[in-house]
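Spelled out, the chains give:
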Amino acid sequence: QVHLVESGGGLVQAGGSLRLSCILSGRDANTYAVGWFRQSPGKEREFVALRSGKSEDTYYETFARGRFTVSRDNAKNAVYLQMNSLKTDDTGVYSCAATKLWTVYAKDYDYWGQGTQVTVSS
């Protein structure tokens, strides 16, 4: 089993930055790919970014490319999402999730964190 806990959310002005952290626990946690998703009221959960387990493969949704960076520190069982040039549309609850697959589909993720709120003001 894999447990994930997010932190780092908060209130930031448009154009600012935040770094979210996802701490994983479990024997084989580092073998799982970790994806970041977000959801705001009235919208479906959407994919943000993906980082592989042992390799350094990454993938970003279009809105995140050039602004967001996902990184991983396996020694600390941590995955980070650095978000720069934030826009009001980035507001939402951000969650990290773990899967054995290389996938952008939420339904394919087996374990989820509790989520952390990101609010971007104009």
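See the structure shown above.
As the structure is a prediction and not an experimental result, all values here were calculated from the model.

K.L.:
Please explain the environment of Leu-18 as it appears in this structure.
P.N.:
As for its placement among the helices and strands, Leu-18 is situated in strand 3 (residues 18-25). Here Leu-18 falls in the buried class, since its relative accessible area comes to 15%. When neighbours within four sequence positions are excluded, Leu-18 is seen to be in contact with Gly-8, Gly-10, Val-12, Leu-81, Gln-82, Met-83, Leu-86 and Val-118.

K.L.:
Quick question: what am I supposed to make of the state of the cysteines here?
P.N.:
By definition, a disulfide links two cysteine residues through a covalent bond between their sulfur atoms. In total, this model carries one disulfide according to the counting rule given. Between Cys-22 and Cys-96 runs a disulfide, and the two sulfur atoms are separated by 2.1 Å. Linking Cys-22 and Cys-96, the disulfide has an S-S dihedral of approximately 75° and is accordingly described as right-handed. Of this pair, Cys-22 sits in strand 3 while Cys-96 sits in strand 9 (residues 92-99), and the two are 74 residues apart along the sequence. Taking relative accessible area as the criterion, Cys-22 reaches 0% and is therefore assigned buried.

K.L.:
Which parts of the structure should I look at to understand the side chain of Ser-21?
P.N.:
By the secondary structure assignment, Ser-21 is in strand 3. Residue class for Ser-21 comes out buried when judged on its relative accessible area of 13%. Ignoring any residue separated from it by four or fewer positions in sequence, one finds Ser-21 in contact with Val-5, Glu-6, Ser-7, Trp-36, Val-79 and Tyr-80.

K.L.:
Sorry, what's going on with the nonpolar core here?
P.N.:
A general trend in soluble globular proteins is that nonpolar side chains are found buried together. Trp-36, Leu-81, Met-83 and Tyr-94 are the most contacted members of the largest nonpolar core, which totals 27 residues. A per-element tally of this core places strand 3 first, with four residues. Ignoring any residue separated from it by four or fewer positions in sequence, one finds Leu-81 in contact with Leu-18, Arg-19, Leu-20, Trp-36, Val-48, Ala-49, Phe-68, Thr-69, Val-70 and Tyr-94. Counting six residues, the second largest nonpolar core, distinct from the first, contains Phe-37, Leu-50, Ala-97 and Tyr-109.

K.L.:
Please explain the sheet that holds strand 3 as it appears in this structure.
P.N.:
Hydrogen bonds between backbone groups are what pair the strands of a sheet, and the pairing can be parallel or antiparallel. If you trace the four strands from one edge of the open sheet to the other, you get 1-3-8-7, paired in antiparallel fashion. Each of the sheet's edge strands pairs with one partner strand only, and the pair in question is strand 1 (3-7) and strand 7 (68-73). When strand polarity is set aside, the average angle formed by the axes of neighbouring strands in this sheet is 15°. As defined by bridge partners, strand 1 adjoins strand 3 across five bridges and the pair is classed as antiparallel. When the bridges of strand 3 are listed, Ser-7 appears paired with Ser-21.

K.L.:
Quick question: what am I supposed to make of the side chain of Arg-51 here?
P.N.:
Mapped onto the elements, Arg-51 comes out in strand 5 (residues 46-51). Buried and unpaired, Arg-51 has Glu-56 as its nearest opposite-charge partner, separated by 4.6 Å. Beyond its immediate stretch of four places on either side in the chain, Arg-51 contacts Ala-33, Val-34, Glu-56, Asp-57, Thr-58, Val-70, Ser-71, Arg-72 and Trp-102.

K.L.:
Can you help me understand the pairing of strand 9 in this one?
P.N.:
Residues in a regular strand project their side chains so that they alternate between the two faces of the sheet. Of all eight residues that make up strand 9, seven are buried, and the element is covered over most of its length. Relative to strand 11 (residues 116-121), strand 9 runs antiparallel, the two sharing three bridges. Note on strand 11: the bridge partner recorded for Tyr-94 is Thr-116. Of the strand pairs in this sheet, strand 9 and strand 10 (residues 111-112) are connected by two bridges, and their pairing is antiparallel. Looking at strand 10, one finds that Ala-98 is bridged to Tyr-111.

Thresholds, definitions, all that
Residues numbered from 1 in each chain as written. Predicted model: local features only at pLDDT ≥ 70, side-chain atom pairs only at ≥ 80, totals over all residues. Heavy atoms only, no water. Helix = DSSP H or I, 4+ residues; strand = E, 2+ residues; numbered from the N terminus. Buried < 20%, exposed > 50% of the residue type's maximum accessible area, 1.4 Å probe, protein only. Contact = heavy atoms within 4.5 Å. Disulfide = S-S within 2.5 Å. Core = buried A, V, L, I, M, F, W, Y, C linked by side-chain atoms within 4.5 Å. Pairing = 2+ DSSP bridges. Axes fitted to C-alpha atoms, helices over the stretch in contact; angles between N-to-C directions. Lys, Arg positive; Asp, Glu negative; His and termini not counted. Salt bridge = Lys/Arg side-chain N within 4 Å of Asp/Glu carboxyl O.

Read these as geometric descriptors, not functional statements.
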